[in-house]
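The lines below spell out each chain.
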Amino acid sequence: MTLHGDYEPSSFRQIRDQVALYEATDGQEGGTLENRPVIILTHRGAKTGKLRKTPLMRIEHDDGYIVVASYGGAPDHPVWYYNLLAHPLVEVHDCATTRVFRAREVSGSEKTELWKTADAAWPHFPEYRASTDRDLPVFVLSPAPDQEVSHARDQP
């Protein structure tokens, strides 16, 4: 099962091109950043309801993933952060596999513990945290129950 709706490609050419290449080759091309694997996160726009796709570091955790809204340490959260808060049902394209997950923002000791895993996967995260005043959001993506996935098909 997958999310359904109109897809609106990123306005950033580099992201748009990487997503297209990744999806055309199941991650054989466009599937890394600095020789580290990435996933494509499909999420629903908080304002438009349209599907958006974002390449993010692949950080496996339990039966899902960890995603970090670092935006390279920029002062503002990336737009996809707000999309996940509004519509936590997401899809992950990891090489040839696509699955639906529920995103949950973490905090406190759980977040502190997950930073260890995230930092090991992408060594730039500590630099990003040091370069901004904002607290970088961390999400856990857990497999979505089947009834949630079925309901997601009915979304605009």
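The structure under discussion appears in the preceding block.
First things first, this report covers the structure right here in the doc. Model, not experiment: these values are computed from the prediction.

### Describing the side chain of Thr 42
By secondary structure assignment, the location of Thr 42 is in strand S2 (residues 36-44). Overall, Thr 42 belongs to the buried group, its relative accessible area being 3%. Once residues lying within four places of it in the same chain are set aside, the contact partners of Thr 42 are Leu 3, Leu 51, Arg 52, Lys 53, Val 90 and Glu 91.

### Here we look at the packing of aromatic side chains
One pass over the full model with this rule turns up 6 aromatic pairs. Ring geometry for Tyr 81 against Tyr 82: centres 5.0 Å apart, planes inclined by 80 degrees, an arrangement best described as edge-to-face. Pairing Phe 125 with Tyr 128 gives two aromatic rings, centres 6.1 Å apart and planes at 75 degrees, and the pair type is edge-to-face. You can see Phe 125 and its partner Tyr 128 sitting in helix H4 (residues 125-130), 3 residues apart, about one turn around the helix. Comparing Phe 125 with Tyr 128, the two get one shared label, buried. The side chain of Lys 53 reaches across the aromatic face of Tyr 7, ending 4.6 Å from its centre. Note that Arg 129 overlies the ring of Trp 115, its terminal NZ or CZ placed 4.0 Å from the centroid.

Cut-offs applied
- Residues numbered from 1 in each chain as written.
- Predicted model: local features only at pLDDT ≥ 70, side-chain atom pairs only at ≥ 80, totals over all residues.
- Heavy atoms only, no water.
- Helix = DSSP H or I, 4+ residues; strand = E, 2+ residues; numbered from the N terminus.
- Buried < 20%, exposed > 50% of the residue type's maximum accessible area, 1.4 Å probe, protein only.
- Contact = heavy atoms within 4.5 Å.
- Phe/Tyr/Trp six-rings, centres within 6.5 Å; stacked < 30°, edge-to-face > 60°.
- Lys NZ or Arg CZ within 6 Å of the ring centre and 35° of its normal.

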